[in-house]
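# Structural overview for review
Each chain is listed here by its residues.
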Amino acid sequence: MSKYRFLFLFFSLLHSLTLLLSEIKITPVANISLLGGQYFLEGNNDSFAGNADIFFAPVINFSEDSALLPIYQGVYSNTKDVRELIGGGTLTREVLDNSLTLKFTRKFSDTLKGKVKAGYKLEYLAETKDEKLGDGLFDYNRLIGGIEAEQVFGDRTNVRVGYDFYIMSYPNYSSLVSQSADIIDTQTFTEISKNAGEDVLDYSTHELFVEGLRSFNDTTVGKISYDIAYKNFKDQTLVKSDGSFSSKKRNDLVHLLTLGVAKNLKNFTAALYNTVQYYDSNQNSYDANRTQYNQNYYDFIQDNVTPSLTFLLKNNAKLNLWWDIAYRKYINRPSQDEEGNYKTSEISQVTNTTGLSLIIPVYKSVSLKTAANYRDATSNNRYEANYRYNYNTSNYFVGMNWEY
């Protein structure tokens with residue numbers, strides 16, 4: 001009897017599993033871009049290079065109310081760029097990103113939806129030609145988890161609230177810092193070389209966000225969002241006025257407020273967004289070369305205004321034009337002249353970035369894609385041995401895009 005019971009249980013489970021699998025629907029979504037082009041810094045062009053961007057997400061629908069989204073994103077860039085790494089603009093040459101995220105969504109009612117996510121990201125970043133990917137000083141990995149709720153109010157209002165927690169780790173930083181006097185700025189090198197901590201860039205973050213979307217009519221949508229993040233540096237102590245270190249640890253608080261509106265017409269979309277960021281850190285800086293103490297060195301406020309236009313052309317071709325102007329004001333970071341002498345004014349910077357992209361369908365899901373942008377940054381700070389404050393860059397890329 002035990003054998004028959006086992007067979008009955010086995011076939012019952014197999015039948016239940018078959019019924020469950022019959023309800024599962026998998027819908028793969030993919031987007032791949034392969035582009036080649038050139039990058040220009042201060043008018044000097046770099047050699048022809050390529051970029052690749054991959055997005056893949058097989059959406060697994062267990063039922064009408066629940067789904068799992070495994071999302072893979074990969075980005076490779078072999079062109080120069082000025083990126084903000086730790087406190088200022090740094091020139092980079094090659095970047096490789098890989099990330100995998102799992103999102104589970106559950107619809108509780110017609111108006112309420114919940115989401116849970118977990119993910120991992122690994123970024124390799126090379127600053128010089130002879131530096132290999134994987135050996136970069138600023139390579140990092142990020143582990144993230146989060147929860148989100150989405151509520152619909154009436155026919156025109158949608159609200160999202162959520163919490164994310166992530167851990168940033170820079171595995172190469174402590175091992176390479178002793179060789180980095182010519183790579184990183186004097187202040188950072190002085191801080192780290194005297195600091196008893198080893199993983200001085202590693203931090204964890206608690207982040208809360210809320211976003212509201214409002215449809216004013218059939219063509220106009222407004223957006224407002226607020227994001228606050230608390231960053232805790234577990235192994236970075238505070239710099240004191242004499243250049244020594246206290247026992248207290250660094251922590252940063254980041255506020256981000258966004259307001260925007262978009263107008264969607266038949267063959268035309270116009271959008272305008274304004275984002276204000278306030279970065280508040282308790283970390284200071286001590287310039288040993290000039291015996292200069294700079295309190296709250298990383299604090300700044302920044303305002304970004306971003307208008308954009310999107311045109312739907314013949315044969316489903318799409319043209320996008322955008323412009324971003326950003327004004328940043330450091331609250332306590334003094335400006336310097338060309339020799340590094342400190343002035344009485346704080347650093348301010350204006351960055352203008354304009355861009356365009358054109359996508360022309362060629363055959364089925366394959367399109368021809370072209371993209372270009374120009375960026376110009378100007379500042380009252382003239383000392384650039386550590387960070388880039390004044391520069392202009394441009395690039396163009398042409399290639400193919402495939403969607404599924």
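In short, a report on the structure.

Calculation notes
- Residues numbered from 1 in each chain as written.
- Predicted model: local features only at pLDDT ≥ 70, side-chain atom pairs only at ≥ 80, totals over all residues.
- Heavy atoms only, no water.
- Helix = DSSP H or I, 4+ residues; strand = E, 2+ residues; numbered from the N terminus.
- Buried < 20%, exposed > 50% of the residue type's maximum accessible area, 1.4 Å probe, protein only.
- Areas by Shrake-Rupley, 256 points an atom, 1.4 Å probe, with all protein chains shown as cover.
- Core = buried A, V, L, I, M, F, W, Y, C linked by side-chain atoms within 4.5 Å.
- Pairing = 2+ DSSP bridges.
- Salt bridge = Lys/Arg side-chain N within 4 Å of Asp/Glu carboxyl O.
- Phe/Tyr/Trp six-rings, centres within 6.5 Å; stacked < 30°, edge-to-face > 60°.
- Lys NZ or Arg CZ within 6 Å of the ring centre and 35° of its normal.
- Patch = residues over 30% accessible without salt bridge, like charges linked within 9 Å, V, L, I, M, F, W, Y side chains within 5 Å.
- Contact = heavy atoms within 4.5 Å.
- Polar contact = N/O pair within 3.5 Å; in protein donor to acceptor, adjacent residues only side chain to side chain.

All right, on to the overall build of the protein then. Each helix and strand counted, the protein has three helices and 21 strands in total. For the protein, with 404 residues in total, the buried portion stands at 39%. Accessible surface, the protein as shown: approximately 22200 Å² in total, 58% of it carbon and sulfur.

On to the nonpolar core, then. With twelve residues, the main nonpolar core is built from L137, F138, Y140, I144, Y166, M168, Y170, Y173, V200, L201, Y203 and F233. For this core, the secondary structure elements donating two or more residues are β9 (140-153) and β10 (157-169). A229, Y298, I347 and Y387 belong to the second-largest nonpolar core, a separate cluster that totals ten residues.

Even without a glycine there, the phi angle at N296 is positive, about 45 degrees. Structurally, N296 is set in the loop between β16 (292-294) and β17 (300-312). Phi is positive for N316, close to 65 degrees, though the residue is something other than glycine. Structurally, the position occupied by N316 is in the loop between β17 and β18 (318-336). Relative accessible area serves as the criterion here: at 59%, N316 is assigned to the exposed category.

The subject of this paragraph is the pairing of strand β21 (residues 391-403). Judged from the eleven bridges that link them, strand β1 (residues 25-41) and β21 form a sheet pairing that is antiparallel. If you follow I32 over to β21, its bridge partner there is W402. Bridge analysis of strand β20 (residues 366-379) against β21 gives twelve bridges, and the strand direction is antiparallel. Bridge pairing links R375 to T393 in β21.

Here we take up the pattern of salt bridges. For the structure on display, the rule yields eight salt bridges. Across the pair D164 and K117 runs a salt bridge, and its minimum N-O distance is 3.5 Å. Remark: K117 occurs in strand β8 (residues 112-126) and D164 occurs in strand β10; sequence separation between them is 47 residues. According to the relative accessible area criterion, D164 is buried, its value standing at 9%. By relative accessible area, which is 26% here, K117 ends up partly exposed. The salt bridge involving E211 is made with K223; its shortest N-O contact spans 3.6 Å. Taken together, the positions of E211 in strand β11 (residues 203-215) and K223 in strand β12 (residues 220-239) put the pair twelve residues apart, joining distant regions of the chain.

We now examine the packing of aromatic side chains. Going through the model one piece at a time under the given rule, you end up with nine aromatic pairs. Taking the centre distance of 5.0 Å and the plane angle of 45 degrees together, the rings of Y203 and F233 count as tilted. Separated by 30 residues along the polypeptide, Y203 in strand β11 and F233 in strand β12 bring together distant segments of the chain. Grouping residues by exposure puts Y203 and F233 together as buried. Note on Y279 and F300: the rings are 5.5 Å apart at their centroids and 10 degrees apart in plane angle, and the pair reads as stacked. Taken together, the positions of Y279 in strand β14 (residues 268-281) and F300 in strand β17 put the pair 21 residues apart, joining distant regions of the chain. Y279 sits in the buried class, given a relative accessible area of 11%. On the basis of relative accessibility, which here comes to 5%, the residue F300 falls in the buried class. One aromatic cluster in this structure is built from Y279, F300 and Y330. Between R250 and the ring centre of F233, over which it is positioned, the NZ or CZ distance is 4.3 Å.

Attention now moves to a nonpolar patch on the surface. The grouping of V161, V210, I224, Y226, L257, L259, V276, Y278, I301 and I331 at the surface amounts to a nonpolar patch, some 750 Å² of accessible area in total. Of all elements in the fold, only β12, β13 (245-264) and β14 reach the threshold of two or more residues within the nonpolar patch. By secondary structure assignment, the location of V161 is in strand β10.

Inspection of the secondary structure assignment puts Y166 in strand β10. As a C-alpha pair, Y166 and H206 span 40 residues in sequence and 7.0 Å in three-dimensional space. Excluding residues that lie within four positions of it along the chain, Y166 makes contacts with R142, L143, I144, Y203, S204, T205 and E207.

In this fold, R333 is placed in strand β18. There is a polar contact of 3.2 Å between the side chain of R333 and the backbone oxygen of Y297. Only 2.9 Å separates the side chain of R333 from the side chain of Y389, close enough to count as a polar contact.

The next point concerns the side chain of T105. Following the sequence through the fold, T105 ends up in strand β7 (residues 94-107). With a relative accessible area of 17%, T105 lands in the buried category. In this structure T105 touches D65, S66, A67, L69, G114 and K115, once residues within four positions along its chain are discounted.

Alignment of β1 against strand β3 (residues 49-61), held across 13 bridges, turns out to be antiparallel. Its bridge partner being in β3, I32 is matched across the sheet by I54. In this sheet, strand β4 (residues 66-77) lies alongside β3 in antiparallel orientation, the contact comprising eight bridges. Residue pairing for β4: N51 is matched across the bridge by S77. With antiparallel pairing between neighbouring strands as the criterion, β3 and β4 make up a hairpin whose turn holds four residues.

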